[in-house]
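Read off the chains here:
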Amino acid sequence: MQTKEEAFARLRRSAFRARFHLRGPELAYAREKGLDVLRRHAEDFVQKRLAPAVIPNDGRQTPWRGHPVFVAQHACACCCRGCLQKWYRVPKGVPLREEQQRRIVDFLMAWIEKEMEKGREKE
């Protein structure tokens, strides 16, 4: 099992994953709503869009933008069950346990916090 920092380092080596950042509307929304609200949204999205064993539109269920959690999901390769399997060896076809869901949400929130801090540094 890898640490968050090991996972972040691995994701940074992916040109595709490394291009995702909170900017513009998503960054403003994150600042306006705050981390507690974003965590609740992340918990809801993960529970409804990733946790089921079978997802009819798997691979297309996470929009590319429009919400900070969506951007985080793509940046962290937690956007679909295919990416979870490829990046973290979480098997498809099996519902995610509560512990797995919590770890995914914690990881997404860690990424969002880093991005919000970067946004403050650029101001």
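Look a little higher up for the structure.
With respect to the overall build of the chain
Argument step 1. Of the regular secondary structure elements, the chain holds six helices and zero strands.
Argument step 2. By the compact-globule yardstick of 14 Å for 123 residues, the chain fits well, its C-alpha radius of gyration being 14 Å.
Argument step 3. With the principal axes as the frame, the chain shows a C-alpha extent of 45 × 30 × 25 Å.
Argument step 4. With the model as given, the accessible surface of the chain reaches about 7300 Å², and the carbon-plus-sulfur share is 51%.
Argument step 5. Within the chain, the 16 negative side-chain charges are centred at a point lying 7 Å from the centre of the 26 positive side-chain charges.

Description of the nonpolar core
Looking at soluble globular proteins, one finds that nonpolar side chains tend to be buried together.
Argument step 1. Formed by 37 residues in total, the largest nonpolar core has its most connected members in Leu22, Cys76, Leu108, Trp111 and Ile112.
Argument step 2. Those elements that provide at least two residues to this core are helix H1 (4-12), helix H3 (24-49), helix H4 (68-75), helix H5 (81-88) and helix H6 (98-122).
Argument step 3. If one sorts the elements of this core by residue count, H6 sits on top with nine residues.
Argument step 4. The contacts of cysteine 76, once residues within four sequence positions are left out, are Phe8, Leu11, Tyr88, Phe107, Leu108 and Trp111.

Things to note about the packing of H1 against H5
Argument step 1. Put simply, H1 and H5 touch, their axes get as near as 12 Å, and they point 105° apart. With respect to H5, the axis of H1 lies roughly perpendicular. For the pair H1 and H5, contact is made by Ala7, Arg10 and Leu11 and by Lys86, Trp87 and Tyr88, respectively.
Argument step 2. Classifying every residue of the contact of H1 with H5 by side-chain character gives four nonpolar, no polar and two charged.

What counts and what doesn't
- Residues numbered from 1 in each chain as written.
- Predicted model: local features only at pLDDT ≥ 70, side-chain atom pairs only at ≥ 80, totals over all residues.
- Heavy atoms only, no water.
- Helix = DSSP H or I, 4+ residues; strand = E, 2+ residues; numbered from the N terminus.
- Rg over C-alpha atoms; globule rule 2.2 N^0.38 Å.
- Areas by Shrake-Rupley, 256 points an atom, 1.4 Å probe, with all protein chains shown as cover.
- Lys, Arg positive; Asp, Glu negative; His and termini not counted.
- Charge placed at Lys NZ, Arg CZ, Asp CG, Glu CD.
- Core = buried A, V, L, I, M, F, W, Y, C linked by side-chain atoms within 4.5 Å.
- Buried < 20%, exposed > 50% of the residue type's maximum accessible area, 1.4 Å probe, protein only.
- Contact = heavy atoms within 4.5 Å.
- Axes fitted to C-alpha atoms, helices over the stretch in contact; angles between N-to-C directions.
- Parallel < 35°, antiparallel > 145°, perpendicular 65-115°, else oblique.
- Nonpolar A, V, L, I, M, F, W, Y, C, P; charged D, E, K, R; others polar.

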